[in-house]
Amino acid sequence: LPLRIAPVLSSAAQVVERTLYVHLHPGLNLGSTGQARPVFIPPVPDVSSLISRLYSNAADVCGHLDVRVLLTNFRAQKVLTGTGGTNNPFPSPQTLSHSPEVVLTDFPLKDPGQSSLVAQCLKRYAGHCYTCTPKLASVLLHPLLGTLEAEKQEEEQEKGGAADSELLQTYSDVVVGGTFDRLHGAHKTLLNISCLLANKRFVIGLCDTELLKNKVLKELIEPYALRLERLEEFLQDIKPSLQYEIVPLSEPFGPSITDSDLQCIVVSEETRKGGEAVNKKRLENGLSELVLYEIQVIKDAHHSEMEEEKISSSSLRSRLLGTLLRPPKDNPYLPASPYVIGLSGGSGSGKSSIARRLEALGAVCIDSDQLGHETYRPGSAAYQRVVQEFGEDILNDDGTINRRVLGRKVFGNKERLKSLTDIVWPEIALLVKHKIQQAKEEGKQVCVVDAAVLLEAGWTEMVHEVWVTIIPEEEAVLRITARDGVSEEDARRRLQSQWPNAQQVEHANVVLCTLWEPDVTQRQVQKAWDLLQKRIQKR
Ligand SMILES: CC(=O)SCCNC(=O)CCNC(=O)[C@H](O)C(C)(C)COP(=O)(O)OP(=O)(O)OC[C@H]1O[C@@H](n2cnc3c(N)ncnc32)[C@H](O)[C@@H]1OP(=O)(O)O
């Protein structure tokens, strides 16, 4: 069976668009006139390696599909024969969160004339197990199994002829912990194997905000409620008979060190140490140690040089940089051309370097900071009002406004900052609109409005899309102090005058991050630009 997985998944991926449920029934005979019935399959150790392999192959050959291995028909119970119905895992069809529209099989036909009988038999079998759509279609897959022989030899060598007829040890109460951001193959393997090991209750500690503070690109982690919803849906599909308890984790241990009913904790090579720490704490708390069940880390065949080898949520998050995270809202009052990108981001986030890269790719860049400085020119409309509002001590000897002094008066003081921006934002906005009009007249396609506080100023009405650059606060402070020669305190005050990264990301169509080497930033910008061109062409 393991050897058939990749070819079967590849051919299934040609038929399926979204969710691929996998129901395992080795030896199922769909070619006889007798009814094919589901039976209980004992969870032998091979099943757990098969599950890992399935998700790891799925990541390689059909990464766009949401694959879920169903476990209702797995049970350690001895098969009772002749007692009528006790050996039926599906007394009534199980309802899945997405009703199957098509049922696929890799059952090999003995001759082509058999196909309609097999298709009928397959549909009946599927309908017996799961609630399917009334017009359930059936497809007989013909996976290309060409290289199976060679692989088979390899497989046998790997196994070294180990006997695996013994049942997998199972437990009444099993626990795991994690962030479960953007549920991927490695998470699903962990969850599936835990469900296989658990007979009664499965406790999941789900990391909450406090535990995510140091994660890479934490702003792109899905909100707790969404992660919870996805977990619940997945678990309900794969083994509805289990009792699930998903609890928020605000510290690393959660219920694992206080729940006396727990028997087993599922860990990976990387989290084994955490599992051992749990046991130490349990002993201190007078509780019995948990069995540590270790699963193998799944390799990510598509990982880049920069990324970790294993499938990881942080790699998945970094791949989101430069892509369209949420579609832009259509604004009927905005002229279609030029297409205007509002580029925002906290101080020190590398916004201006991104603007320059976009300029090199063909965009017209409008620097709002610079335009802001122009509004302070003596004789301008804003000049008088600013001096009136903030006093003559903001003036240099030559009568020009000393922006450094003005900055100290407003950063860290919400009311003063508002008084200033109430005066200058409308003026800057006029200048920005003028520049956009100029670009239009010159037939330019894309304008980038580089504006540090675009969202705070409510300028989203002026742009087609919002792009946001983010950087961890500590890195921003280092950059600001080095670049602008201001104190750490002043840098923090400036940052506190702006929306935090997470709030900006909530409003962003595209997010970029300049934390790594310049060529990594360049690749993000190129990706964002290429995808933007496609969007503009579509319009
Ligand atoms: C909607 C917009 O984004 S318009 C562009 C931003 N300009 C404004 O909001 C106008 C008000 N601000 C100002 O006039 C000036 O920033 C002053 C006078 C307060 C300080 O001037 P300077 O010392 O020359 O600093 P400068 O203008 O270069 O800005 C320094 C940093 O302050 C931040 N900043 C600017 N305005 C604001 C503001 N209103 N709120 C919070 N932070 C701001 C910027 O992010 C900038 O950092 P960055 O270049 O790393 O992005």
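First things first, this report covers the structure right here in the doc. Values in this document were obtained by computation on a predicted structure and should not be read as measured data. (Residues numbered from 1 in each chain as written. Predicted model: local features only at pLDDT ≥ 70, side-chain atom pairs only at ≥ 80, totals over all residues.)

Some thoughts on the overall build of the chain
Point 1. Summing up its helical and strand segments, the chain has 17 helices and 14 strands in all.
Point 2. Judged by the C-alpha coordinates and their principal axes, the chain covers about 100 × 65 × 40 Å.
Point 3. The burial tally for the chain puts 34% of its 539 residues in the buried class.
Point 4. Across the chain, the fraction of contacts at a sequence separation of at least 24, relative to all contacts at a separation of at least 6, is 79%. (Helix = DSSP H or I, 4+ residues; strand = E, 2+ residues; numbered from the N terminus. Buried ≥ 20, exposed ≤ 12 C-beta atoms within 10 Å, placed from the backbone. Contact = placed C-beta atoms within 7 Å.)

Here's the deal with unusual backbone geometry
Point 1. Cis geometry is adopted by the peptide bond preceding Pro 338, which originates at Ser 337 and carries an omega value of -5°.
Point 2. Structurally, Pro 338 is set in the loop between helix H8 (313-320) and strand E10 (339-345).
Point 3. With a phi angle near 50°, Phe 180 is a residue other than glycine that sits in the positive phi range.
Point 4. With respect to the helices and strands, the residue Phe 180 is situated in the loop between strand E5 (171-178) and helix H5 (185-197).
Point 5. Despite not being glycine, Arg 182 shows a phi value in the positive range, around 50°.

Considerations on the sheet that holds E10
Point 1. The strand order across the open sheet built from five strands is E11-E12-E10-E13-E14, with neighbouring strands paired in parallel fashion. The open sheet terminates on both sides in strands that have one partner only, identified here as strand E11 (364-367) and strand E14 (510-513). In this sheet, adjacent strand axes meet at a mean angle of 25° when their direction is disregarded.
Point 2. Summarising the sheet, strand E13 (residues 465-470) and E14 pair through four bridges and their orientation is parallel. Paired with Trp 467 across the strands is Val 510, a residue of E14. (Pairing = 2+ DSSP bridges. Axes fitted to C-alpha atoms, helices over the stretch in contact; angles between N-to-C directions.)

Here we look at the packing of helix H2 (residues 45-61) against H5
Point 1. Across the interface, H2 lies against H5 with an axial gap of 9 Å and an inter-helix angle of 160°. Between H2 and H5, the crossing angle belongs to the class labelled roughly antiparallel. In this structure, the crossing between H2 and H5 has a hand that is right-handed. On H5, the residues touching Val 47, Ser 48, Ile 51, Ser 52, Tyr 55, Ser 56, Ala 58 and Ala 59 of H2 are Gly 185, Lys 188, Thr 189, Asn 192, Ile 193 and Leu 196.
Point 2. Per-class residue counts for the contact of H2 with H5 are seven nonpolar, six polar and one charged. (Parallel < 35°, antiparallel > 145°, perpendicular 65-115°, else oblique. Left-handed = near helix turned anticlockwise from the far one by under 90°. Nonpolar A, V, L, I, M, F, W, Y, C, P; charged D, E, K, R; others polar.)

Some remarks on the site of the ligand
Point 1. Close to the ligand lie 26 residues, the nearest being Ser 347, Arg 403, Ala 451, Ala 452 and Ala 457.
Point 2. Sorting the residues of the shell around the ligand by element identifies helix H10 (368-374), helix H12 (403-410) and helix H13 (414-441) as the ones contributing at least two each.
Point 3. The dominant element in the shell around the ligand, judged by the number of residues it contributes, is H13, at six residues.
Point 4. Class assignment for the residues of the shell around the ligand results in 13 nonpolar, eight polar and five charged. (Near = placed C-beta within 6 Å.)

A look at the pairing of E5
Walk down a regular strand and you will see the side chains alternate between the two sheet faces.
Point 1. Summarising the sheet, E5 and strand E6 (residues 198-207) pair through seven bridges and their orientation is parallel. Each bridged residue has a counterpart across the sheet, and for Asp 173 the counterpart in E6 is Arg 201.
Point 2. Since E5 and E6 lie parallel, the crossover through H5 that links them has a hand, and here it is right-handed.
Point 3. With two bridges connecting them, E5 and strand E8 (residues 264-268) associate as parallel partners. When the bridges of E8 are listed, Val 175 appears paired with Ile 265. (Right-handed = clockwise from strand over helix to strand, strands pointing away.)

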